[in-house]
Amino acid sequence: MKKLSYLLIILFISSCFPISIPPNLENGKLMEAKKFKRKLPDQYAYIFTDPKQADDFYYYLSAKYPPNQTGDSEGNVPIKINNRDYYISFYETEKKSRVVNLLPALANELLDQQNIAIEFDEPPIVRDGTWYIALTVSNTDFEDGLSPNSKDQKEILNFVKALHNKYLSIHNYNSLLLKKSP
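### Observations concerning the overall build of the protein chain
Here comes step 1: If you tally the helices and strands in the protein chain, you get 6 helices and 6 strands.
Here comes step 2: Relative to its 182 residues, the protein chain shows a buried fraction of 37%.
Here comes step 3: Counting only contacts in the protein chain whose residues sit at least 6 apart along the sequence, the fraction spanning at least 24 positions is 67%.
Here comes step 4: Accessible surface, the protein chain as shown: approximately 11800 Å² in total, 53% of it carbon and sulfur.

### Focus: unusual backbone geometry
Here comes step 1: The residue D55 is not glycine, and still its phi comes out positive at about 70 degrees.
Here comes step 2: By secondary structure assignment, the location of D55 is in the loop between β3 (44-49) and α3 (56-64).
Here comes step 3: Residue classification places D55 among the partly exposed residues on the basis of a relative accessible area of 37%.
Here comes step 4: Here the phi dihedral of N83 falls at roughly 60 degrees; this positive angle occurs in a residue that is not glycine.
Here comes step 5: Taking relative accessible area as the criterion, N83 reaches 74% and is therefore assigned exposed.

### Quick word on the confidence of the model for the protein chain
Here comes step 1: Considering every residue of the protein chain, the mean pLDDT works out to 79; 66% of them sit at 70 or more.
Here comes step 2: Confidence drops under a pLDDT of 50 for residues 68-73, and excluding neighbours within four residues, the segment shows 11 contacts in the predicted structure.

### A closer look at the pattern of salt bridges
Pairing is possible between side chains of opposite charge, provided their charged atoms come close.
Here comes step 1: Per the stated rule, a full pass over the model turns up 4 salt bridges.
Here comes step 2: D152 is the partner of R84 in a salt bridge, and the nearest nitrogen-oxygen pair spans 2.7 Å. Residue R84 is found in strand β5 (residues 84-101), and its partner D152 is found in the loop between β6 (125-139) and α6 (153-169); the two are separated by 68 residues along the sequence.
Here comes step 3: Residue classification places R84 among the partly exposed residues on the basis of a relative accessible area of 33%.

### Description of the nonpolar core
Proteins that are soluble and globular tend to have nonpolar side chains buried together.
Here comes step 1: The biggest cluster of nonpolar side chains holds 22 residues, and the ones touching the most others in it are F57, I88, L135, F159, V160 and L163.
Here comes step 2: Counting residues per element, the ones that place at least two in this core are β3, α3, β4 (77-81), β5, β6 and α6.
Here comes step 3: In terms of residues, this core owes the most to one element, α6, which gives 6 residues.
Here comes step 4: In contact with I88, not counting residues within four places along its chain, are G75, N76, V77, I79, L135, T136, V137, F159, V160 and L163.
Here comes step 5: In terms of nonpolar packing, the next biggest core, distinct from the first, is built from 9 residues, L25, A33, A45 and A134 among them.

The rules behind the values
Residues numbered from 1 in each chain as written. Predicted model: local features only at pLDDT ≥ 70, side-chain atom pairs only at ≥ 80, totals over all residues. Heavy atoms only, no water. Helix = DSSP H or I, 4+ residues; strand = E, 2+ residues; numbered from the N terminus. Buried < 20%, exposed > 50% of the residue type's maximum accessible area, 1.4 Å probe, protein only. Contact = heavy atoms within 4.5 Å. Areas by Shrake-Rupley, 256 points an atom, 1.4 Å probe, with all protein chains shown as cover. pLDDT = per-residue confidence, 0-100. Salt bridge = Lys/Arg side-chain N within 4 Å of Asp/Glu carboxyl O. Core = buried A, V, L, I, M, F, W, Y, C linked by side-chain atoms within 4.5 Å.

So this is what it looks like as C-alpha cells:
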C-alpha cells in the first residue's frame, strides 16, 4: 500500500493540470461577442476556430470582396442579403489554454534547499493559444444583424456559415475572383 501511495504522489506531481481550456468552435457558434472575449464589440457574432495561418481570413475576404470595390476588407465590408445592405466585420482573436506543471517547480525548490545550482527553466504555467474568427454583421443603421431581434437573422446566419465553410474549403483565394457565391 505504501508503494502505491508513493506511485500516486509521483504521478500527481509529474502531471499537468489544465486551468483554462479554449472552446472547440470548429463548426462555429452564434454568441454575444463580448462574453467570448472582452475586447470584442458589444453585439452578437458568429465565432469559429481558425485553423489557418494569421491573416488568411483577411486575404480570403479581400479576394472575395476586393478592397477597390469595398474600401476595406477587415471592417464594414458591404454585402447584400434579401436585397438589403449589410456590413460584415471580422476580428481575429486568441484564447489561451493554461496548464500547471508542478514537477519543475517542486524540483527547483528541492534542489534549492540542497544548495544545488541546477534549475529547470520550464515555467510552472504553460500557455498555448487557439485562434478564432469573430464575424459581426450590421445593417446601414448599425443595428446588429445577428441579434435574435433582427428580422433577417436566420438568413444572415446562413450567410456567415456559408462564408465560414467556403473559407475553410478554399486554399487559393485568387480563384474567388472568378466566382460569385458566399
